Amino acid sequence: QVQLVESGGGLVQAGGSLRLSCAASGRTFGIYAMAWFRQGPGQEREFVARISGSGRTTYYADSVKGRFTISRDNTKKTVSLQMNSLKPEDTAVYFCAGRIDYGFGYVAQSEYNNWGQGTQVTVSS
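My aim in this report is to walk through the structure given alongside it, one point at a time. Along each chain, the written sequence defines residue order, and numbers are assigned to residues from 1. Per-residue local features are limited, in this predicted model, to residues with pLDDT of at least 70; the limit for side-chain atom pairs, both in listing and counting, is 80 or more; totals at the level of whole chains, interfaces and linings are taken over all residues. For the side-chain quantities, the full set of heavy atoms in the structure was used; hydrogens and water were omitted.

1. Re the state of the cysteines
Line of reasoning, step 1. Here, a disulfide means two cysteine sulfur atoms that sit within 2.5 Å of each other. The final tally for this structure, using the stated rule, is one disulfide.
Line of reasoning, step 2. Here Cys22 pairs with Cys96 through a disulfide, and the sulfurs are 2.1 Å apart. Measuring handedness by torsion sign, the sulfur bridge of Cys22 and Cys96 sits at about -80° and is left-handed. Residue Cys22 is found in strand β3 (residues 18-24), and its partner Cys96 is found in strand β9 (residues 92-100); the two are separated by 74 residues along the sequence. Cys96 matches Cys22 in its accessibility class, with the two residues each being buried. In this description a helix means any DSSP run of H or I spanning at least four residues, a strand means any run of E spanning at least two, and both kinds are numbered starting from the N terminus. The cut-offs for exposure are 20% and 50% of the maximum accessible area for each residue type, with area from a 1.4 Å probe on protein chains only; residues under the lower value are buried, those over the upper are exposed, and the others partly exposed.

See the structure below:
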C-alpha cells in the first residue's frame, strides 16, 4: 500500500497551464503503476492518464491526448500531470491513483486500490 497526496490544483483561465503533483509514501514506489482520474461536476470519475512503474509506458484518454503529459520520478516518489491548453471542460477534481504494476494497461478505476484525496482544478472561460 502507498499513501498518496495530490497538490497543484487551482483556478486558471482557458488556454492556460497547471501542473499537478502526487507524492507517495512507501519504499517500493517503482513497482506501482500510477494514474490520474478526474471527476467533473455531476459526472462520473473518468480516466485521464497512466504511467507504468518504470515510467517507460504512458497512455492517455483521447480528451487530453496532446495537451496533458504524465511523468514520474521514482527517486522522489512523485508522479506529475502537466496540463496545457486547458479548457473549461477540464474542470474537475483530479485524483492520483496507484496499483502494483503487473504489466497490463490499467484504465478502470476499479483496478486501482490506492487513492489520494483529490485536488480541484477549475478552468474559467
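2. As for the pattern of salt bridges
Line of reasoning, step 1. By definition, a salt bridge exists where a carboxyl oxygen of Asp or Glu is found within 4 Å of a side-chain nitrogen of Lys or Arg. The final tally for this structure, using the stated rule, is four salt bridges.
Line of reasoning, step 2. The closest approach of N and O atoms between Glu46 and Arg38, which form a salt bridge, is 2.6 Å.

3. Looking at the packing of aromatic side chains
Line of reasoning, step 1. Aromatic rings from Phe, Tyr and Trp, taking only the six-membered ring of Trp, are treated as a pair when their centres fall within 6.5 Å; an angle between ring planes under 30 degrees marks them as stacked, one over 60 as edge-to-face, and anything in between as tilted. Scanning the model with the defined rule gives seven aromatic pairs in all.
Line of reasoning, step 2. Taking the centre distance of 6.4 Å and the plane angle of 75° together, the rings of Phe95 and Trp115 count as edge-to-face. Of the two residues, Phe95 sits in strand β9 while Trp115 sits in strand β10 (residues 114-115), which places them 20 residues apart along the sequence.
Line of reasoning, step 3. Judged by its relative accessible area of 10%, Phe95 is buried.
Line of reasoning, step 4. Between Tyr106 and Tyr112 the ring centres are 6.4 Å apart and the planes differ by 80°, which places this aromatic pair in the edge-to-face class.
Line of reasoning, step 5. An aromatic cluster of at least three residues, connected via ring pairs, comprises Phe37, Phe47, Tyr59, Phe95, Phe104, Tyr106, Tyr112 and Trp115.
Line of reasoning, step 6. Taking NZ or CZ as reference, Arg45 lies 3.8 Å from the ring centre of Phe95, over its face.
Line of reasoning, step 7. Distance and angle both matter: a charge sits over a ring if NZ of Lys or CZ of Arg is within 6 Å of the ring centre and within 35 degrees of the ring normal. One residue, Arg99, lies across the ring of Tyr106, its end atom 4.0 Å from the ring centre.

4. As for the pairing of strand β5 (residues 46-51)
Line of reasoning, step 1. When you tally the buried positions in β5, you get five out of six residues, the bulk of the element.
Line of reasoning, step 2. If DSSP finds at least two bridges between two strands, the strands pair. Connecting the antiparallel pair strand β4 (residues 32-39) and β5 is a turn made up of six residues, with Gly42 showing a positive phi of about 70°.
Line of reasoning, step 3. Bridge count between β5 and strand β6 (residues 58-60): three bridges; the pairing is antiparallel. By the bridge assignment, Ala49 is partnered in β6 with Tyr60.

5. Let's talk about the nonpolar core
Line of reasoning, step 1. Of all hydrophobic cores here, the largest spans 35 residues; its most connected members are Met34, Trp36, Leu81, Met83 and Tyr94.
Line of reasoning, step 2. Contributing elements (two or more residues each) for this core: β3, β4, β5, β7 (68-73), β8 (78-83), β9 and β11 (119-124).
Line of reasoning, step 3. The dominant element in this core, judged by the number of residues it contributes, is β4, at six residues. By nonpolar core we mean a set of buried residues, namely Ala, Val, Leu, Ile, Met, Phe, Trp, Tyr and Cys, connected to one another through side-chain atoms within 4.5 Å.

6. Describing the sheet that holds strand β1 (residues 4-7)
As a general point, the strands of a sheet are linked pairwise by backbone hydrogen bonds and lie either parallel or antiparallel.
Line of reasoning, step 1. One open sheet holds the four strands; their spatial order is β1-β3-β8-β7, and the pairing between them is antiparallel. In the strand order of this sheet, the two ends are held by β1 and β7, each with one partner. Adjacent strand axes in the sheet meet at a mean angle of 15°, parallel and antiparallel pairs treated alike.
Line of reasoning, step 2. As paired strands, β3 and β8 are joined by six bridges and run antiparallel to one another. Bridge pairing in β8 places Cys22 opposite Val79. Inter-axis angles, ranging from 0 to 180 degrees, are taken between N-to-C directions of lines fitted to C-alpha atoms, where helices are fitted over the stretch in contact.

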